[in-house]
Each structure stands twice: as structure tokens, then as C-alpha cells.
Amino acid sequence: MKLTGKQKRFLRANANRMRPIFEVGKNGLSPVWLEEIQKALDTRELIKINVLQNSTATVDDIKDYIETKSDVTVVQTIGKTLVLFKPSKDPNKQKLSNEVLAI
């Protein structure tokens, strides 16, 4: 999903008070890890992930991996934190994505 600047700003504002729920460590990136992120996004639509100091992958590597292997949008990267967005498949959980589309 291609987001406009206003939509990204809205999502960044909503993610401001969130805490990261996933981490990337020394085990790096894997298809199983990406699958778990997609499951979390299907429930929450907006999450943060944190890159640990012992990780061999950089923030740019993680961003490229997520965007090429899935339909998840990286909204923002701040330091070692990434904000991810994906509209939920469940219509009952699409509150945030409906607000984004209205912008």
C-alpha cells in the first residue's frame, strides 16, 4: 500500500506512544519471524520493532527484507526502531486503516 505524506504523519503520531513488540537479535531475519510480524499486524495494523545491539542486520537491511518479502509498509525508522503498517484482513479490526484511507 502506497501511503501519502499525511497518512504517514498520522500513523507516526499514533505510533508515538507505542512500545516495540518485536525485536531483531543475533538470529537475524527469517521467514518465520516475518510471518509472526504479519500475524501481529493483522491484529493491530500498526506495530513497532526494535533492532538489538547484537544484531548482525542493519535497520536498512531489515526495512528492505520486510518490504520485498511482504506487503507490509515501513512507515518510519528512528534509530534502531521501525514502525510498520499493514491493513488488517478482518473488517472488525480495520479501525486504523479506515482512518488512514479517509485522509
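Residues numbered from 1 in each chain as written. Predicted model: local features only at pLDDT ≥ 70, side-chain atom pairs only at ≥ 80, totals over all residues. Heavy atoms only, no water.

**A short note on the nonpolar core**
Phase 1 of the analysis: Residues Trp33, Ile37, Ile49, Ile62, Ile66, Leu82 and Leu84 are the most contacted members of the largest nonpolar core, which totals 19 residues.
Phase 2 of the analysis: Elements with a minimum of two residues in this core: strand S1 (22-24), helix H2 (31-44), strand S2 (46-51), helix H3 (59-69) and strand S4 (81-85).
Phase 3 of the analysis: A per-element tally of this core places H2 first, with five residues.
Phase 4 of the analysis: Residues within four places of isoleucine 62 in sequence aside, it is in contact with Val24, Leu29, Trp33, Ile49, Val51, Ala57 and Leu82.
Phase 5 of the analysis: With nine residues, the next largest nonpolar core counts Leu3, Ala15, Val83 and Phe85 among its residues. (Core = buried A, V, L, I, M, F, W, Y, C linked by side-chain atoms within 4.5 Å. Buried < 20%, exposed > 50% of the residue type's maximum accessible area, 1.4 Å probe, protein only. Helix = DSSP H or I, 4+ residues; strand = E, 2+ residues; numbered from the N terminus. Contact = heavy atoms within 4.5 Å.)

**Concerning the UniProt feature "domain: CRM" (unreviewed entry) in the chain**
Phase 1 of the analysis: When the UniProt feature table is mapped onto this chain numbering, "domain: CRM" (unreviewed entry) sits at residues 1-97.
Phase 2 of the analysis: Between the end C-alpha atoms of residues 1-97 there is a gap of 11 Å, over a span that is 40% helix and 21% strand. (UniProt positions renumbered as here; feature names shortened; annotations may be inferred.)

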